[in-house]
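Here are the chains, one letter per residue:
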Amino acid sequence: QSALTQPASVSGSPGQSITISCTGTSSDFGNYNYVSWYQQHPGKAPKLMIYEVSKRPSGVSNRFSGSKSGNTASLTISGLQAEDEADYYCYSKRSDKRYVFGTGTKVTAL
Amino acid sequence: EVQLVESGGGLAQAGGSLRLSCAASGITFSNFWMAWVRQAPGKGLEWVANINKDGSEKYYVDSVEGRFTISRDNAKNSLYLQASSLRVEDTAVYYCGRYGDYGWGLLDYWGQGTLVTISS
């Protein structure tokens, strides 16, 4: 049960778009496409940003979007803002019905 | 307002046991799958276990299988994690989370976490 692979860090200038990848095996994603993304600020609990690959919960900015191609899911933040600086984690339901998080990505607004 | 409040964390010796609790309010607890997620100091999130609405289905990460037991008491709106044979590497903040019912596989509410420290 290895974690999904994410880049350790991604940075961008305010206003730019950045993309975080989340790579696993076919077993890591199963046939479910139940990939979600979480934002975590230091010392805080995670916050749901995207679910079922590309759906946004109520209240989450439309600057956040998700997609998936093959065994790689992606989170894109458009119009990067200082408040978006945080750690981001992908999360997926595996084919064996267990779940796995990604390794996490630190986002920095330069 | 949905609230999840964890308790039961603290300092324990390697080989010992702890029972974590998560009290839910503002929801019909029995309608939701629930999960435990942990985060070691300075590390990433790790899914630990989850349980279905009536407690009949339970799943665990390999590293805790056979040592941890997830359970729930719907009459008390509470989720539990019995952690035994504790190891130093179990040191982490433990969060409980609710799986939302408007989609699949999403944790839409989280508690504030309870810190478990295991000493050798």
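A few points on the structure. In this text, all values refer to a predicted model and were calculated from it rather than measured experimentally. Note on numbering: residues in each chain are counted from 1, in written sequence order. Working convention: letters from A go to chains and numbers from 1 go to ligands, in the order in which they are written. Only residues with pLDDT of at least 70 get local features here, since the model is predicted, and only at 80 or more are side-chain atom pairs given and counted; chain-wide, interface and lining totals rely on the full set of residues. In computing side-chain values, all of the structure's heavy atoms are included and hydrogens and water are not.

1. A few points about the sheet that holds strand β5 (residues 64-69) of chain A
Residue and element names in this part refer to chain A.
(1) Moving on: For two strands to be treated as a pair, DSSP must find at least two bridges joining them. The helix count covers DSSP runs of H or I at least four residues long, the strand count covers runs of E at least two residues long, and both are numbered beginning at the N terminus. Strand order in the open sheet made by the three strands is β2-β6-β5, with antiparallel pairing throughout. Sheet topology places β2 (18-23) and β5 at the edges, where each strand pairs with a single neighbour. Averaged over all pairs of adjacent strands, the angle between their axes in this sheet comes to 20 degrees, without regard to strand direction.
(2) Moving on: With six bridges connecting them, β2 and strand β6 (residues 72-77) associate as antiparallel partners. Along β6, the bridge assignment pairs S21 with S74. A fitted line through C-alpha atoms serves as each axis, taken over the contacting stretch for helices, and the angle formed by two N-to-C directions is quoted from 0 to 180°.

2. Some words on the sheet that holds strand β1 (residues 3-7) of chain B
Strand pairing in a sheet relies on backbone hydrogen bonds, with the paired strands running either antiparallel or parallel.
Residues and elements named next belong to chain B.
(1) Moving on: Strand order in the open sheet formed by four strands is β1-β3-β8-β7, and the pairing between neighbours is antiparallel. At either margin of the open sheet sits one strand with a lone partner, and together these are β1 and β7 (68-73). On average, each strand axis in the sheet is tilted by 15 degrees relative to the strand beside it, whichever way the strands run.
(2) Moving on: In terms of strand pairing, strand β3 (residues 18-25) meets strand β8 (residues 78-83) through six bridges, oriented antiparallel. Bridge pairing in β8 places A23 opposite S78.

3. Examining the packing of aromatic side chains
(1) Moving on: Between rings of Phe, Tyr and Trp, where Trp is taken as its six-membered ring, a pair exists when centres lie within 6.5 Å; planes separated by under 30 degrees are stacked, by over 60 edge-to-face, and by other angles tilted. For the structure on display, the rule yields twelve aromatic pairs over all chains.
(2) Moving on: Relative to B:Y102, the ring of A:Y51 lies with its centre 5.2 Å away and its plane at 80 degrees, an arrangement referred to as edge-to-face. Of the two residues, A:Y51 is situated in the loop between β4 (47-50) and β5 and B:Y102 in the loop between β9 (92-99) and β10 (107-110); the pairing between them involves two chains.
(3) Moving on: Residue classification places A:Y51 among the buried residues on the basis of a relative accessible area of 10%.
(4) Moving on: The partly exposed category is assigned to B:Y102, whose relative accessible area is 39%.
(5) Moving on: Ring geometry for B:Y95 versus B:W110: centroids 6.0 Å apart, planes at 80 degrees, classification edge-to-face. Here B:Y95 is found in strand β9, whereas its partner B:W110 is found in strand β10, with 15 residues between them in sequence. As far as the burial class goes, B:Y95 and B:W110 line up, both buried.
(6) Moving on: Clustering of aromatic rings is evident, with ring pairs tying together A:Y38, A:Y91, A:Y99, A:F101, B:W47, B:Y95, B:Y99 and B:W110. Using a 1.4 Å probe on the protein chains alone, a residue whose accessible area is under 20% of its type maximum counts as buried, one over 50% counts as exposed, and one in between counts as partly exposed.

4. Overview of the state of the cysteines
(1) Moving on: Pairs of cysteine sulfur atoms within 2.5 Å are identified as disulfides in what follows. Within the structure shown, the criterion is met by two disulfides over all chains.
(2) Moving on: Across a sulfur-sulfur distance of 2.1 Å, A:C22 and A:C90 are joined as a disulfide pair. Its torsion about the S-S bond being 80 degrees, the disulfide of A:C22 and A:C90 is classed as right-handed. In this pair, A:C22 sits in strand β2 while A:C90 sits in strand β7 (residues 86-93), placing the two residues 68 residues apart along the sequence.
(3) Moving on: Judged by relative accessible area, which is 0%, A:C22 ranks as buried.
(4) Moving on: Classification of A:C90 by relative accessible area gives buried; the value is 0%.
(5) Moving on: Across the disulfide from B:C22 sits B:C96; the S-S distance is 2.0 Å. Given an S-S torsion of about 50 degrees, the disulfide between B:C22 and B:C96 has right-handed geometry. Taken together, the residues span a long stretch of sequence, with B:C22 in strand β3 and B:C96 in strand β9 at a distance of 74 residues.

5. A closer look at the pattern of salt bridges
(1) Moving on: Salt bridges are defined as contacts in which a side-chain nitrogen from Lys or Arg sits within 4 Å of a carboxyl oxygen from Asp or Glu. Counting across every chain of the model gives ten salt bridges over all chains.
(2) Moving on: A:E52 is paired through a salt bridge with A:K55; the nearest N and O atoms lie 2.6 Å apart.
(3) Moving on: Using a relative accessible area of 15% as the deciding quantity, one classes A:E52 as buried.
(4) Moving on: The exposure class of A:K55 is partly exposed, given its relative accessible area of 40%.
(5) Moving on: Through salt bridges with shared partners, one network takes in A:D28, A:R94, A:D96, A:R98 and B:D62.

6. Overview of the interface of chain B and chain A
(1) Moving on: Any two residues whose heavy atoms approach within 4.5 Å are treated as being in contact. The interface of chain B with chain A comprises 24 residues on the first partner and 20 residues on the second.
(2) Moving on: When chain B packs against chain A, the two sides together hide about 1900 Å² of surface, and 59% of this comes from carbon and sulfur.
(3) Moving on: Here's the idea: put two parts together, see how much 1.4 Å probe accessible area each one loses, and the total over both is what we call buried area. Looking at the side of chain B facing chain A, the largest losses of area belong to B:L45, B:W47 and B:W104, adding up to 30% of the total buried there.
(4) Moving on: For the interface between chain B and chain A, the tally reads one salt bridge.
(5) Moving on: Definition of a polar contact: a pair of N or O atoms within 3.5 Å, with one able to donate and the other able to accept a hydrogen when the atoms are protein atoms, and with sequence-neighbouring residues admitted only if both atoms are side-chain atoms. Where chain B meets chain A, there are eight residue pairs in polar contact (both at pLDDT 80 or more).
(6) Moving on: Among the secondary structure elements, those contributing two or more residues to the side of chain B that touches chain A are β4 (34-39), β5 (45-51), β6 (58-60), β9 and β10 of chain B.
(7) Moving on: For the side of chain B that touches chain A, the element with the highest residue contribution is β5(B), accounting for four residues.

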